[in-house]
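Listed below, chain by chain, are the residues.
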Amino acid sequence: AVFAWLVVEVRREQDRLRPLVAYVVAGIVTVGVLLLPFFLVAGTKMIRIIIFDQIGRGGSRVPLGERLRVMEGIRASAPIPDVLVGAVFVAAVALVLFGAWRRPAIRPWVWILAAQTALLLVTPSFFRHYAAWFAAVASLSIGSSVAILAGWAAGREAPTADEPRRTGDEPGRPEADATSGVPVRPGSGVVGVAYAVVLAGLLVIAAIPGTGGFGNPSGRFPSARIAAAFAGARCPTGDSASLLILTGLLRRMLDNGCPVLVSPTGVSYDTDRELRGPARSRKNQPEYQAIMAAYYGGSDGAAFIRREGNNGLTDQTLATIRGRLPVTQSIDKVTIYLPAGH
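All residue numbers refer to position in the chain's written sequence, counted from 1. Thresholds applied to this predicted model are a pLDDT of at least 70 for local features of residues and 80 or more for the giving and counting of side-chain atom pairs; totals over whole chains, interfaces and linings are not thresholded and use all residues. As a rule here, side-chain values cover all heavy atoms of the structure and leave hydrogens and water aside.

(A) Representation of the overall build of the protein. A tally of regular secondary structure across the protein gives 13 helices and four strands. Taking all 342 residues of the protein together, the buried fraction comes to 32%. Residue contacts are counted whenever heavy atoms from the two residues lie within 4.5 Å of one another. In the protein, of all internal contacts separated by at least 6 residues, the share reaching a separation of at least 24 is 58%. Using a 1.4 Å probe, the Shrake-Rupley method yields the accessible areas, and only the shown protein chains count as cover for residues. Summed over all atoms, the accessible surface of the protein reaches about 20,900 Å², with 64% contributed by carbon and sulfur. Where helices and strands are cited, they refer to DSSP runs of H or I of at least four residues and of E of at least two residues respectively, numbered from the N terminus. Only protein chains enter the accessibility calculation, which uses a 1.4 Å probe; a residue is then buried when its area is under 20% of its type maximum, exposed when over 50%, and partly exposed in between.

(B) Representation of the sheet that holds strand E1 (residues 237-238) within the structure. Strand order in this open sheet of four strands is E1-E2-E4-E3, and the pairing throughout is mixed. With one partner strand each, in any of the chains shown, E1 and strand E3 (327-331) form the two edges of the open sheet. Two elements, strand E2 (residues 302-304) and strand E4 (residues 334-338), share three bridges in a ladder whose sense is antiparallel. From the neighbouring strand, Ala 303 faces E4, where its bridge partner is Ile 336. In this description, strands pair whenever DSSP reports at least two bridges between them.

(C) Highlighting the pairing of E3. In the sheet, E3 pairs with E4 via five bridges, with the strands oriented antiparallel. By the bridge assignment for E4, Ile 331 is matched with Val 334. Between E3 and E4, which pair antiparallel and follow one another directly, the connecting turn spans two residues, one of which, Asp 332, has a positive phi of 55°.

(D) Inspection of the packing of aromatic side chains at higher detail. Aromatic pairs are defined between Phe, Tyr and Trp rings, using the six-membered ring for Trp, whenever the two ring centres lie within 6.5 Å; interplanar angles under 30 degrees are classed as stacked, those over 60 as edge-to-face, and all others as tilted. Tallied over the full model, the rule gives eight aromatic pairs. Ring centres 5.8 Å apart and planes at 75° place the aromatic pair Phe 126 and Tyr 130 in the edge-to-face group. Every member of this aromatic cluster is reached through a ring pair, and the members are Tyr 295, Tyr 296, Phe 304 and Tyr 337. Sitting above the plane of the Trp 101 ring, Arg 102 keeps its charged end 5.0 Å from the centroid. Two conditions define a charge sitting above a ring: the NZ of Lys or the CZ of Arg must be within 6 Å of the ring centre, and it must be within 35 degrees of the ring normal.

(E) Region of interest: the pattern of salt bridges. The salt bridge definition used is simple: a Lys or Arg side-chain nitrogen within 4 Å of an Asp or Glu carboxyl oxygen. Overall, the coordinates contain six salt bridges when judged by the stated rule. When the shortest N-O distance is used, the salt bridge between Asp 82 and Arg 69 registers 2.7 Å. With Asp 82 in helix H5 (residues 82-102) and Arg 69 in helix H4 (residues 64-71), this pair connects stretches of sequence that are 13 residues apart. A residue is classified by how much of its surface remains accessible, and Asp 82, at 54% relative accessible area, is exposed. For Asp 255, the salt bridge goes to Arg 251, with nearest N and O atoms at 3.5 Å. Of this pair, Asp 255 and Arg 251 both sit in helix H11 (residues 249-255), four residues apart, roughly one helical turn. Both residues of the pair, Asp 255 and Arg 251, count as exposed.

(F) Expanded view of the state of the cysteines. Two cysteine sulfurs form what is called a disulfide whenever their separation falls within 2.5 Å. All told, the structure shown has one disulfide when counted by the stated rule. Between Cys 235 and Cys 258 runs a disulfide, and the two sulfur atoms are separated by 2.0 Å. The sign of the S-S torsion, about -80°, decides the handedness of the disulfide formed by Cys 235 and Cys 258: left-handed. One end of the pair, Cys 235, is in the loop between helix H9 (223-229) and E1; the other, Cys 258, is in the loop between H11 and helix H12 (286-297), with 23 residues separating them in the sequence. The buried category is assigned to Cys 258, whose relative accessible area is 9%.

(G) The arrangement of the layout of surface pockets in detail. A cavity, in this analysis, means grid points on a 1 Å lattice covering only the protein atoms where a 1.4 Å probe fits yet has no way out; a pocket is instead an open set bounded by protein on both sides within 12 Å along at least five of seven lines, and a residue lines either one if it has an atom within 4 Å of a point. Grid points are joined across faces, edges and corners, and a volume is the space filled by probe spheres set on the points. Computed from the structure, the second largest pocket encloses a volume of approximately 720 Å³. Along the wall of the second largest pocket there are 19 residues; nearest its centre are Lys 45, Ile 49, Ile 50, Val 262 and Ser 263. For the lining of the second largest pocket, the secondary-structure elements that each account for two or more residues are helix H2 (17-42) and helix H3 (44-56). Residue composition of the lining of the second largest pocket, by class: 13 nonpolar, three polar and three charged. Under the convention adopted here, Pro, Cys and the residues Ala, Val, Leu, Ile, Met, Phe, Trp and Tyr are nonpolar, Asp, Glu, Lys and Arg are charged, and Gly plus all remaining residues are polar.

(H) Representation of the packing of helix H1 (residues 2-9) against H2 within the structure. Orientation is described by lines fitted to C-alpha atoms, with helices fitted over the stretch in contact, and by angles between N-to-C directions that extend from 0 to 180 degrees. Running from amino to carboxyl end, H1 crosses H2 at an angle of 170°, the nearest separation of the two axes being 9 Å. As judged from the angle between their axes, H1 and H2 are roughly antiparallel. In this structure, H1 contributes Val 2, Phe 3, Leu 6 and Val 7 to the contact, and H2 contributes Pro 19, Leu 20, Tyr 23 and Val 24. Partitioning the contact of H1 with H2 into residue classes produces eight nonpolar, no polar and no charged. Angles are sorted into four bins: roughly parallel if under 35 degrees, roughly antiparallel if over 145, roughly perpendicular if 65 to 115, and oblique for all others.

(I) Focus on the nonpolar core. Among buried residues, those of type Ala, Val, Leu, Ile, Met, Phe, Trp, Tyr and Cys that are joined through side-chain atoms within 4.5 Å constitute a nonpolar core. Grouped together as the largest cluster of nonpolar side chains are 28 residues, with contacts concentrated most on Ile 226, Phe 230, Tyr 296 and Ile 336. Within the residue set of this core, elements represented by two or more residues are H9, helix H10 (241-247), H11, H12, E2, E3 and E4. Judged by nonpolar contacts, the second largest core, of 17 residues, contains Ile 112, Leu 113, Leu 120 and Ala 131.

This is the structure we're talking about:
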């Protein structure tokens, strides 16, 4: 999107090639700094896992209405009419288009926002945290457009870079704003008040469990209790990297040279390649099931925090794991399997 914008912008420049070359070179260098170290360690396996496996993963079939709710910070189950969700989206689109029309300076941000929004609405795979991707540009574009609308509604707009700021002392001009020197009219705060009401409403929605972006209020994670359950375990495992990090178990695994699958469920995208369509669900993947049984069952203890079924383990795979780790403990939302004698 940025490159396309540059192509349009440089058409009026005498030196059209230099900005495009600079952008491409900077992009290649940035990607190299981020990814080259992993390529040197993992080689073509890294390319296969982070590019081709992700392209080949199945779609989540999330409908348009639910995507709009997620992008607005509302849960799919929230008792808010779809028509209101759609109206908010249409109003936001109209607002940023108005801002881009009145102020060319924000058009690159609005263009990037349009590209990100379009991708979020059509991408086959969609999860709640995807909305964070466009949050920064959305905030910048919407906030700038509100300021532009407020100035327009008050009969004034902030001067552009090549316009001097007026003092408001000219005969016949309204009194100037003390901070900006721009003439104002009575009622200039209407747009600001309306925007504050909208933000307050979104804040209330976000703060109500089950309505906003989070299903439950935050709570203290029992990391010390979970770590204590694995006392003496040389090579523990878990179904969540966050779980392993918060409990310190990941450091133990790395220090002891244990096998580490940062995303165990992600293994399913790199296995059973002969399967296609619905048949490629995790429970139908024998290669994936075998790797999971060996990974968890071959450890000194396994911790599961994902909801039952989200790991895609069959009853047979779970039976294999529990046969090797027969002792079961439950700490908060974490289920722990340990070897006999614990």
